[in-house]
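Structural characterization, general
Residue-level listing of the chains:
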Amino acid sequence: MKFAIVFAAVLAVAVAAPADERDAQVVKFENDNLGVDGYNFQYETSNNINRAESAQLKNFGDDVAALVVRGSYSYTGPDGVVYTVNYVADENGFQPEAPHIPRL
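Residues numbered from 1 in each chain as written. Predicted model: local features only at pLDDT ≥ 70, side-chain atom pairs only at ≥ 80, totals over all residues. Heavy atoms only, no water.

So, about the sheet that holds strand β5 (residues 82-90). Ordered in space as β1-β2-β3-β4-β5-β6, the six strands form an open sheet in which the pairing is antiparallel. The open sheet has two free edges, formed respectively by β1 (26-33) and β6 (93-97), since each of these has just one partner strand. Within the sheet, the average angular offset between the axes of one strand and its neighbour, ignoring direction, is 10 degrees. Two strands pair when backbone bridges link them, and strand β2 (residues 38-45) and strand β3 (residues 50-61) are joined in this way by seven bridges, in the antiparallel orientation. Bridging across to β3, Asn 40 finds its partner in Ser 54. (Pairing = 2+ DSSP bridges. Helix = DSSP H or I, 4+ residues; strand = E, 2+ residues; numbered from the N terminus. Axes fitted to C-alpha atoms, helices over the stretch in contact; angles between N-to-C directions.)

The next point concerns the side chain of Thr 45. Topologically, Thr 45 is positioned in strand β2. Of the residues examined, Thr 45 reaches a relative accessible area of 12% and is grouped as buried. At a separation of 2.4 Å, a polar atom in the side chain of Thr 45 contacts the side chain of Asn 47. In contact with Thr 45, not counting residues within four places along its chain, are Gln 25, Val 26 and Val 27. (Buried < 20%, exposed > 50% of the residue type's maximum accessible area, 1.4 Å probe, protein only. Polar contact = N/O pair within 3.5 Å; in protein donor to acceptor, adjacent residues only side chain to side chain. Contact = heavy atoms within 4.5 Å.)

Secondary-structure assignment places Ser 74 in strand β4 (residues 64-76). Look past the residues within four positions of Ser 74 in its chain and what remains in contact with it is Asn 48, Ile 49, Asn 50, Val 82, Tyr 83 and Thr 84.

What follows is the structure in structure tokens.
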């Protein structure tokens, strides 16, 4: 029953989306897989959504390693303003930065 409610809600949002959003196409896509050492990718859509991300393997010592991810994404809000979020995800967690995100 919960699945049906969630599915109906998602369907309602998709149907209510403006036609240009539903018909958006990927106009640019680049991907460079560096294996276990990391990756880089970026894409852009016809409705002005952009995202770029890169990750590099970082050794923390004692046979402990993890990917450190840096990236950004941007989109045009309903108010016509382009919003950009830059972020880092590392040993300190996910850390987004943007003028429109409140700082604690």
